[in-house]
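Overview (structure and organization)
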Amino acid sequence: MSTALYLRHSGKAKRGHLCFDAAFETGNLGRVDLVGEFEYDLFLRPDTCNPRYRFWFNFTVDNVKQDQRVIFNIVNMNKSRNLFKDGMTPLVKSTSRPKWQRLPRCEVFYYKSPVHQNHYVLSFAFGFDKEDEVYQFALTFPYSYSKMQAYLNAVELKFPEAFERSSLGMSIQNRKLELITFDDVKKPDKMDPKNVIHMVVILARIHPGESPASYVVQGLIEFLAAANQPISKALREHVVFKIVPMLNPDGVFLGNNRCNVIGHDLNRSWNRLSQYTHPTLSAVMKMLKEYDNSSCYQVDFVIDLHAHSSLTGTFIYGSTYDNVYRYERHLVFPKLFATKCEDFCQEHMMFNADDRKSGTARRYFVDALSDNVNTYTLEVSMCGYFLNGTNILTQYTEDGYMRIGRNLARTFLEYYRFTNILPIPPVDELRPRKGRPRTHRPRARSKTRSEVRVRPKTTRAYAPISYTDLSICYDSATSEDGSPVRYMYGHPGHGGGGGGLRMRPHIHQDQFSLSNIQAARFSNLDFSSDFRLKVGKGKGQVGSNAPEPKMPPIEMLSVPPKPHLTIIDFNQLTRGGLEEATAGKTLEREKEKIRRHTVKSSSRKA
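Treat the numbers as computed from the prediction; the structure is a model and nothing was measured.

A count of helices and strands for the protein gives 13 helices and 24 strands. Taking all 606 residues of the protein together, the buried fraction comes to 43%. In the protein, 73% of the contacts between residues at least 6 apart in sequence involve partners at least 24 apart. Element-wise, carbon and sulfur atoms account for 53% of the exposed surface of the protein, whose accessible area totals about 35200 Å².

See below:
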């Protein structure tokens, strides 16, 4: 009894009474209610100073029991339309298994709950298989402010000369607004308007809950920082890249879904900037204005990276313009990007001038910057993408998001080649030739060489040619051009008796006439004769017991004119159709020839 009181007053929960925690960076969970012996209702904490947004979640569970199964119900999500209807599932990892894994689809349910005022509820069942483990659940792969700082420190140590790291300013809670610059462009002595320095600006993580955008940025930075990569080297030497990896560090740290620390959606605030409420946006806008008004630099792209919670695949949002030439130039980059990404979804791509989105970066920069700037919103799905032409849903991983960043860099290479700004390097430089592995051993050459025998000299003689009736038409105008003598052995059904020589009557018509094209079918072909040359061997022939055909009379020989074939509809031919059509007929024709030849020989003897 005393032990039970001690446990109760000490505050230590009994094994199996779950303990939830979200008091860490990017964590989000507001309240937990035990509604049954094995069921919990989870309430998400809204964004700070803005109760409208409740979608991102990230929390831990410990004090579990071996083989304990529970049901979690997230009951207050604000977005009823999301990818949980299409197969997206939450992520989970534990202390001994730090790699994120998606829950099985059969354990996740998204439905309207009458118990919760017909609101949409996300329910998922989970079985804890190990005690003394801490389990963590999240909407998608978290990417915190501290992780970004640690990653930039590691890349800076590995590639100290690849890029320049600086700070554009500070957030409301005094967190750094990091700026990564890749600039190996050789500066000219005298600036010429024709030789301006081209620049690309990448913005990411303006919405804290869209963490996949940070993985895309990480893939892009790794690709551009690689010193031994010829593509990245060519890009750094001709284009300046300015990357802002986290525009809303306060919201990311607090675990918000869309807003900053004072509840403002920053991607709806570009048209009403304030140094006090939006210091990070003001710093980025000041940088863009300086480079856009400079005579040395030309800002070509401003791309804002986001993650979409209700659509699959990777796609781009753009703008529409009254100037046709500017709009056509605006379409080039999305088309090139679509060829580099197998997960690109063209159906979700959109170009508009919606006034409701006037506060977004994509819409605001159209009027705030010069006409040379192309502004896009690059969206990646929080769930996955469908393979081309199939209904197979492939879930994204961290490496899958980073692959999108690498494809983004390759698209810039193609674009600047297309616009003749970046020279096309040789193939050997793009794909360096890899040496043979050390395990390979060349085959030892034989010391004994075989003698080369001299080919005996022989006389060259032309083999006789045997033709059959292939609907060859002769033109009378060219009948005296010295064509060689050709023999045509007739067969039954082509004018007269079989076995003897028969010449095809002259048919004068235009080979390109419509009537000839329409009438050219299989009826113009005769597959009955075997036109292979048969060489006699003794009294008989190889492969046949038929007697040797007699030579036609001299008076029946003539010099035919040059032939031209009639037009044949090859669309009617199918694979194997010719063999099937002629397999049975050839044998029947041969038997018929033998029978007719035997009858004629017996009649002559009689």
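Axis angle and axis distance: for two packed helices, these are the angle between their axes and the distance between the axes, and together they describe the pair. Where helix α3 (residues 212-225) contacts helix α10 (residues 398-418), the two axes come as close as 7 Å, and the packing angle between them is 50°. What the angle tells us is that α3 and α10 run oblique. Crossing geometry of α3 relative to α10 is assigned as right-handed. Taken together, the residues of α10 that come into contact with α3 (itself represented by Pro 212, Tyr 215, Val 216, Gln 218, Gly 219, Leu 220, Glu 222, Phe 223 and Leu 224) are Glu 398, Tyr 401, Met 402, Ile 404, Gly 405, Arg 406, Leu 408, Ala 409 and Arg 410. Taken together, the residues of the contact of α3 with α10 sort by class into eleven nonpolar, three polar and four charged.

All right, on to α3 then. Helix length check: α3, at 14 residues, gives a terminal C-alpha distance of 20 Å against a target of 20 Å (1.5 Å per residue), a fit within 8%. Counting buried positions along α3 gives 13 out of 14 residues, so the element sits mostly inside the fold.

With that out of the way, let us pick up the packing of aromatic side chains. Applying the stated criterion across every chain yields a total of 40 aromatic pairs. Aromatic side chains Tyr 110 and Tyr 120 sit 5.2 Å apart centroid to centroid with 10° between the ring planes, which places their arrangement in the stacked category. Within this pair, whereas Tyr 110 is found in strand β8 (residues 108-113), its partner Tyr 120 is found in strand β9 (residues 119-128), the two being separated by ten residues in sequence. A relative accessible area of 14% means that Tyr 110 is categorised as buried. Residue classification places Tyr 120 among the partly exposed residues on the basis of a relative accessible area of 23%.

Rules of the game
Residues numbered from 1 in each chain as written. Predicted model: local features only at pLDDT ≥ 70, side-chain atom pairs only at ≥ 80, totals over all residues. Heavy atoms only, no water. Helix = DSSP H or I, 4+ residues; strand = E, 2+ residues; numbered from the N terminus. Buried < 20%, exposed > 50% of the residue type's maximum accessible area, 1.4 Å probe, protein only. Contact = heavy atoms within 4.5 Å. Areas by Shrake-Rupley, 256 points an atom, 1.4 Å probe, with all protein chains shown as cover. Axes fitted to C-alpha atoms, helices over the stretch in contact; angles between N-to-C directions. Parallel < 35°, antiparallel > 145°, perpendicular 65-115°, else oblique. Left-handed = near helix turned anticlockwise from the far one by under 90°. Nonpolar A, V, L, I, M, F, W, Y, C, P; charged D, E, K, R; others polar. Expected span 1.5 Å × (residues − 1). Phe/Tyr/Trp six-rings, centres within 6.5 Å; stacked < 30°, edge-to-face > 60°.

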